[in-house]
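The chain contents come next:
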Amino acid sequence: MSKILMTIPDGKICDFIDQKIRNDTPEEYVRQNIERRLVLELAYNFKQIAVEFPVKVFSKRGRADLIIFREGDEHTQDNAWIVIECKRDSIEPSDRKDGVEQLKSYMSVCPNAEWGMWTNGKYKFVYRRVVVEGQTVWEEPNDIPSSNGNVEEVNRPTREQLKHATDDNLLFSFKICHNHIYVTDGLQKQPAFFELLKVIFCKIHDERDVPKPLEFYATASEKASNDGRLTVAKRIGKIFEAVKKRYPTIFDANDAIKLQARSLAYIVGELQRYSFLDTDIDVKGKAYEELVGANLRGDRGEFFTPRNVQRMAVKMLDLQVDEKFLDPACGTGGFLVIAMNEMINQLKASLGVPGSSGFLEALRDRIKEVAGQCFFGIDINPDLVKATKMNMVMNNDGSGNILRQDSLLHPHQWEDTFRRQLADSLNIDPDSLRSSKDLAHFDVVASNPPFGSKLPIKDTETLRQYKLGHVWKETENGWEPTEVLQGSQPPEILFIERCWQFLKPGGRMAIVLPDAILGAPGLLYVRYWMLTHCQVIASIDLHPDTFQPRNGTQTSVLILQKKTEEEMNREAFEGIRDYEIFMAQVNAIGHDKRGNKVYKRNEDGEELLAPAESEITPLLERTASGDATVRPLPRRKILDDDTPVLADEFLDWKKQVVLRW
C-alpha cells in the first residue's frame, strides 16, 4: 500500500497530539519530544492531552503548553491533572516570566492539578502538590506518573516497567544530568562527563543483574533528606564496586563515584525509568554520541561521522556472522555499534522464533561470543577509548576489544599491554606481531581516520613501514616508491595503507577520505597505489555539509577490496583489467551546514509528511469503559537523506556484478 503524503509550509511542524500546524521553534522542538514521550513512553491516550490549553490566572489569561486530564474527564481548567511547561533551552528555570514559577501559578489556579513538570531540555523540575494539615506542600518527585498513575513506579520501577526512550528524550536526560553535575558539583565538562559515565555503567549493570530486583533507584523521600541521599549513594556505590570488577580495563580498583550525594540521587532519579538495554540503538547512539562530542571532542581532527553515513557504509560492507571487524580510529565507536547490531540481527534470524524455549539464553551466549571474538576498535585518545567501551556496553556488551594505541605506529613500537591484548583476542602469539606484514587478521575494516595538514606524521620509523610514507616517482609503467622517505605525510594517507595491512587477502574496507586524495594532481601516486593494491568497489561522493557545522571538508566514502598477492603479481605483468565501479553522489545528507535537520519538499517547496517507518503500526487506545480503538500515529516530516537509498541500490548492484563477497 502506498503512503499518503501531506505537505507542510516551510518553518512549520505538524503537532504530534492535535495535528495542528505550528511554528517550528526551539521551544516547539522541546514540546514535540515531550508529547511523544507522553504517548509512546508513558502510554497516555491522545484524547487525554490538550495542547496550548487556556488557563485563567486571576484577571489574566495564559496558555499552558500541555495539560493532561484523567481518562474520561472533560477538558476544563478544574479537571486539569498534570500541567507541563516546555521552554527553549535558553530560558532559565529562574526566569521571572517563563520559569518554574509560571508552572506553579498555573497549577495553583487548577484546583485538581496534582502534578507539574517544567523543562527546557537541559533542566527538568517535577512537582507534586499535596495538602498536609491544610497547607500546600510542593514535593519534588523524579518524574510525572505513567497513564496508570502508579506513584511507586516513579519511585522504584521494576524491570517490566522500564521505558524505551523515544526521539531525543534520552538526550534530554543526559543533558539534564550533565548540567546538574556541572552546576552542583562544580566540575568542568570533561570530568563531569566521566562521573556521569560511571553512573550510566551502574544503571546498565543493574539492568543486567537478573533476576535480582533493580537497585538503581532513588525515591522522592530519599532525595528530600540528607540521610536518604546518603542511602542512595551507598546503594549505587555497591553497584559501582561490582562494575569495577566486571570492567577492570575501564575502571581502576580504587576508582569511586566522586559526586555529592544530593547530586548522585538526582541523577539516579532522572535515569532510573529508562531501559538502557532495550531502547532503540539509534536513540541511544544519538544521545550518547552527542554527549561525547560536546565534551570529549579534541583537537586531533576528530570529526565524528554522522550515523546515517556510518550505517550506509556498514550496510554496503554486507557484514556476515563471525567475520572479524575493525575500526582502527574508532572515536566514539559508531561504526562498531552499528556493525555489531547488524550481526546481532542476523543471529536473531538464525536462532529461531523469539520467545521460543532457549532463544534468549542462546542469543545472549552468541552475542557474548561474537562481541569477544569479532569486534575490535583502536584509538589514540584514551578518553575516547573509554567512551567507546561505554557505547559498546550500552549496545550489547561488546567492550572487550576496544584498545588504546596509535594505529599508525610500527608494531615494534606498540605497548606490550596492547600487543598482548590484541593477540589474545585474535588467538595468536603476541610475538608474531612484529611488522606491518603480520597484521592481516581482519575480514572487514571501516573507519573515518583523522585527517588534515595540522596532524603531520614525521616519525621516520612510522613512515618507513608504508609505501605511501615514501617519495614516489613516475615511470613508463606508472608509479613506484623510492627509498626516500617523505618529510611528513597527512595521517589519512597512511591510514589507507594501514587499513589495507589489517585486512586479510580478499577482505574489504569502507574508509572516509577527503576528496583531495581522489582528485589532487600531486596525489596521483596515492590513487595508483590504491588501484594496484585494491579493487575499487564503490566511490560515494558525500554532501558538502556532511561534517558541518564543525568541518566543511568535502569527503567521500570508498569501498575497497584487498587484492591477493597472486592478483597483484598477475596484474603487474598483464595490467589491470577494466571492471565496474559503483559510483554515486549523496545529494541530501539530512542536515544543513548549521547542523539543523533538512526534510523532503515538493515542487512548491513545502515539506512532505508521512508516517515514520517504525510507526506505521497504529496505536491501540482504550477508552474509560475498556473499549479499544485504533489510532494511526500522526504523520512526520521525511528526512531528506539519500544514504539509505544508496546502500540499498549498492546491494542490488552487488548481486548483479557478482562480487566475491
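Please read all numbers here as calculations on a predicted model, not as lab measurements.

Student: Any details on the packing of helix α11 (residues 334-350) against helix α12 (residues 359-374)? Residues and values, ideally.
Tutor: The description of two packed helices rests on the angle between their axes and on the distance between the axes. In the contact formed by α11 and α12, the axes pass within 10 Å of each other and the chain directions differ by 145°. The crossing of α11 and α12 is right-handed. Along its contact with α11, which presents M340, M343, I344, L347 and K348, the element α12 presents F359, L363, R366, I367, V370, A371 and C374. Its residues assigned to classes, the contact of α11 with α12 shows ten nonpolar, no polar and two charged.

Student: Lay out helix α2 (residues 100-108) in plain terms, naming residues and giving numbers.
Tutor: Taken together, the buried positions of α2 are occupied by V100, Q102, L103, K104, Y106 and M107. Residues of α2 that are buried in the fold lie against β4 (49-57), β5 (60-69), β6 (80-86), β7 (115-119), β8 (124-132) and β9 (135-139).

Student: Tell me about the pairing of β4, residues and numbers included.
Tutor: Here β4 runs beside β5; their pairing, made up of eight bridges, is antiparallel. Counted as the bridge partner of A50 is I67 from β5. As consecutive antiparallel partners, β4 and β5 are separated by two residues, and within that stretch F58 has a phi angle of approximately 55°, a positive value.

Student: Describe the state of the cysteines, with residues and values.
Tutor: Within the structure shown, the criterion is met by zero disulfides. Note on C330: no disulfide assigned, nearest cysteine sulfur contributed by C499 at a separation of 12 Å. Looking at C499, it has no disulfide partner, and the nearest cysteine sulfur is the one in C534, 9.9 Å off. Note on C499: relative accessible area 1%, which makes it buried.

Student: Which residues make up the packing of aromatic side chains, and what values go with them?
Tutor: Aromatic rings considered in pairs are described by the distance between their centres and by the relative angle of their planes. Enumeration according to the criterion identifies 21 aromatic pairs in this entry. Between Y29 and F172 the ring centres are 5.7 Å apart and the planes differ by 90°, which places this aromatic pair in the edge-to-face class. Note that Y29 is positioned in helix α1 (residues 26-41) and F172 in helix α4 (residues 169-185), a separation of 143 residues in sequence. Grouping aromatic residues by their ring pairs yields a cluster made of F201, F240, Y247 and F251. Taking the ring centre of F276 as reference, the NZ or CZ of K203 above it sits at 5.8 Å. Here R235 stacks its cationic end above the ring of Y217, 3.7 Å away from the centre of that ring.

Student: Any details on the side chain of H410? Residues and values, ideally.
Tutor: Mapped onto the fold, H410 is located in the loop between β12 (402-404) and α14 (416-426). The buried category is assigned to H410, whose relative accessible area is 14%.

Student: Can you lay out the pattern of salt bridges for me, pointing to particular residues and giving the numbers?
Tutor: Tallied over the full model, the rule gives 44 salt bridges. One salt bridge in this structure joins D167 and R36, with 2.8 Å as the shortest N-O distance. Taken together, the residues span a long stretch of sequence, with D167 in the loop between α3 (151-155) and α4 and R36 in helix α1 at a distance of 131 residues. Overall, R36 belongs to the buried group, its relative accessible area being 4%. Across the pair E289 and R307 runs a salt bridge whose closest N-O atoms are separated by 2.8 Å. Taken together, the residues E289 in helix α9 (residues 281-296) and R307 in helix α10 (residues 307-317) connect sequence positions 18 residues apart. E289 sits in the buried class, given a relative accessible area of 11%. What makes R307 buried here is its relative accessible area of 12%.

Student: For the pairing of β7, give the residues involved together with the corresponding values.
Tutor: With five of five residues buried, β7 lies mostly within the body of the structure. The alternating pattern of β7 places W115, M117 and T119 on one face and G116 and W118 on the opposite face, and all of these are buried. One crossover worth recording links β6 to the parallel β7 by way of α2, and it is right-handed. Note that β7 and β8 share five bridges and pair antiparallel.

Student: Before we move on, can you summarise the sheet that holds strand β18 (residues 555-562) with the specific residues and values?
Tutor: Pairing between sheet strands relies on hydrogen bonds along the backbone, with the strands arranged either parallel or antiparallel. If you walk across this open sheet you meet the eight strands as β12-β11-β10-β13-β16-β18-β17-β19, and the pairing is mixed. Each edge of the open sheet is held by one strand with a lone partner, namely β12 and β19 (582-585). Averaged over all pairs of adjacent strands, the angle between strand axes in this sheet comes to 15°, irrespective of strand direction. Where strand β17 (residues 534-541) and β18 come together, seven bridges link them in antiparallel fashion. The residue bridging C534 from the neighbouring strand is K562, located in β18. On top of the sheet, α11 reaches β10 (325-327), β11 (375-379), β12 and β13 (442-447); it is set at about 180° to β11, its chief contact.

Criteria and thresholds
- Residues numbered from 1 in each chain as written.
- Predicted model: local features only at pLDDT ≥ 70, side-chain atom pairs only at ≥ 80, totals over all residues.
- Heavy atoms only, no water.
- Axes fitted to C-alpha atoms, helices over the stretch in contact; angles between N-to-C directions.
- Helix = DSSP H or I, 4+ residues; strand = E, 2+ residues; numbered from the N terminus.
- Left-handed = near helix turned anticlockwise from the far one by under 90°.
- Contact = heavy atoms within 4.5 Å.
- Nonpolar A, V, L, I, M, F, W, Y, C, P; charged D, E, K, R; others polar.
- Buried < 20%, exposed > 50% of the residue type's maximum accessible area, 1.4 Å probe, protein only.
- Pairing = 2+ DSSP bridges.
- Disulfide = S-S within 2.5 Å.
- Phe/Tyr/Trp six-rings, centres within 6.5 Å; stacked < 30°, edge-to-face > 60°.
- Lys NZ or Arg CZ within 6 Å of the ring centre and 35° of its normal.
- Salt bridge = Lys/Arg side-chain N within 4 Å of Asp/Glu carboxyl O.
- Right-handed = clockwise from strand over helix to strand, strands pointing away.

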